[in-house]
Amino acid sequence: MNTASIKKNFLSNITIEKGIAFTLLVLVFSWEFHFLWLLYDILALFAIYFFSKHITAVLGSTLFLVLSVFIILTIFSGFHIFSILSIWDNIKHVFVLFMLLFLVERHIEGRILKFTHGFGFIIGSIFIIQSALVFYQYFTGYYMDDISGTFGKASGHTFAYYCLLYLSYLFYIKKSYFLTAIVFILSLVMNYFAENMGYYPLVILLLSYKWMTLKGLNYMMFYGLLLLLLVVIADRALGGILIQPVLHRFSEFFLVGSRDLDNFTPSRGYMTALALYLGGWWGAGPGCYSEIYSIVGWKHLGTIQINISSVTNLLAEYGIIGLLLWVSLYAVFLKRFFKKRKDFIFISMLLLFSMLYNKVLNDERVIFLLIFIIMFMKIYIDRKVKRYD
């Protein structure tokens, strides 16, 4: 075989989905080298080109309308160039989402299924490495937010999404319920180590799709109550160290307190109330409280985490109207690929809960993991509809 033939075979094996997967794997091992996250921006730029080749009237008009409103908000807030970066930082993900789901829709019969199983083996191998690191980090006294495997400091939430990614593959693609059960239990323990309490409702939501019927809900209630009983028994045996921390973290959603910035409780409830106060109906200005590409906005609040979640960040900068527009934009793109009401509601809830949980739209690694989770769900749903199993 000559050199030209080898080169031709090599290039023929390079596909868009493999390039996307390679980018994800780089981000998984990027640690704190944030410049590597720029690979995602390069991918997003290519995704815009891909989107331009397959754009529809509904998606195009929605995109134009939403962008027009955001540009108006930018002008009224003083037309800072940083506002353009903020819009880009939040909107680029819809193009990556579109490209990956379009490829699934177009090529599910052949190369996508083959790619998915190979990719599943890779993320499974990485999960073993991540798990070993998480246990090491916990037992050597790492700060809870730094218990994150290979994701670096304050990246515990990112590890939570990696657990969700692997579970979605095992449960919906590989359909290995034994492995799913093992990884599920292991992930509950590891995310408890990192105090990722938002992981628990997300993982229940993720695995509940199969039971979104009347008969399925009966099974879900039975196994849910059984699991709860086992947790209560274990909590009693361990002296109450399991349930109390979980209840404390969830109670933060309802702790508001004073709006005095010199004397406040940094809870999610407080940050949501503060974001609503700062943003009002139209927001204080796109990007004004953010840190993007190591640049801070002109109204940055220092150590006050107004961007504790995507919802608080968008509320403060874009206001109630802007937040609704952002949610609507992503919903329209999701509706393009999940046309049945049940599927659309499920995927939309997964995205919305993630936006409430953390700053999913402003963390390339988290949103990328979430997009792959949605891709696995798309494959499962399409195979079910077309009766490939």
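Preceding this paragraph is the structure being described.
Below is a short write-up of the structure. Position numbers for residues count from 1 along each chain, tracking the sequence in the order it is written. Predicted model: local features are reported for residues with pLDDT of at least 70 only, side-chain atom pairs are reported and counted for 80 or more only, and whole-chain, interface and lining totals are derived from all residues. The side-chain values count all of the structure's non-hydrogen atoms but skip hydrogen atoms and water molecules.

1. Structural notes on the packing of aromatic side chains
- Stacked, tilted and edge-to-face are the three classes assigned to paired rings of Phe, Tyr and Trp, where Trp is represented by its six-membered ring and a pair needs centres within 6.5 Å; plane angles under 30 degrees give stacked, over 60 edge-to-face, the rest tilted. Tallying each qualifying case throughout the model produces 34 aromatic pairs.
- Both rings, one in F171 and one in Y177, keep their centres 5.6 Å apart while their planes meet at 65°; by these two values the pair is edge-to-face.
- Three labels apply to residues, based on accessible area from a 1.4 Å probe with only protein chains included: buried if under 20% of the type maximum, exposed if over 50%, partly exposed otherwise in between. What makes Y177 partly exposed here is its relative accessible area of 44%.
- Aromatic pair Y318 and W326: ring centres 5.6 Å apart, planes at 90°, arrangement edge-to-face.
- By relative accessible area, Y318 is classed as buried at 0%.
- We classify W326 as buried; its relative accessible area is 0%.
- A connected cluster of aromatic rings, assembled from ring pairs, spans Y40, F115, F119, Y169, F368, F372 and F376.
- Sitting above the plane of the F337 ring, R336 keeps its charged end 4.5 Å from the centroid.
- Any Lys NZ or Arg CZ that is within 6 Å of a ring centre and within 35 degrees of that ring's normal is treated as a charge sitting over the ring. Lying across the ring of F338, K378 places its NZ or CZ 5.7 Å from the centre.

2. Focus: the pattern of salt bridges
- Counted as salt bridges are all cases of a side-chain nitrogen of Lys or Arg within 4 Å of a carboxyl oxygen of Asp or Glu. Under the counting rule described, the total for this entry stands at six salt bridges.
- D41 is the partner of K92 in a salt bridge, and the nearest nitrogen-oxygen pair spans 3.1 Å. A residue pair is termed long-range when its members are at least 10 positions apart, and K92 in helix α5 (residues 81–107) and D41 in helix α3 (residues 38–53) qualify at 51 residues.
- Overall, the relative accessible area of 0% leaves K92 in the buried class. Note on conventions: DSSP H or I runs of at least 4 residues are helices, E runs of at least 2 residues are strands, and numbering of each starts at the N terminus.

3. Section: a nonpolar patch on the surface
- A cluster of nonpolar side chains, contributed by I71, I72, I75, F76, F79, I81 and I84, occupies part of the molecular surface with about 720 Å² of accessible area.
- Contributing elements (two or more residues each) for the nonpolar patch: α4 (57–76) and α5.
- A per-element tally of the nonpolar patch places α4 first, with four residues.
- Within the element layout of this structure, I84 appears in helix α5.
- Residue I84 is classed as partly exposed on the basis of its relative accessible area, which comes to 36%. Only residues whose relative accessible area exceeds 30% and that form no salt bridge are eligible for patches; like-charged ones are grouped when within 9 Å, while nonpolar side chains (Val, Leu, Ile, Met, Phe, Trp, Tyr) are grouped when within 5 Å. Residue-level accessible areas treat just the shown protein chains as cover; the underlying method is Shrake-Rupley with a 1.4 Å probe.

4. Some remarks on unusual backbone geometry
- A positive phi angle is found at E195, which is not glycine, with a value near 55°.
- Relative to the elements of secondary structure, E195 occurs in the loop between α8 (177–193) and α9 (199–207).
- Accessibility expressed as a relative area gives 26% for E195, which makes it partly exposed.
- In this model, Y293 sits at a positive phi of 55°, which is unusual for a non-glycine residue.
- Relative to the assigned elements, Y293 resides in the loop between β1 (291–292) and β2 (295–296).

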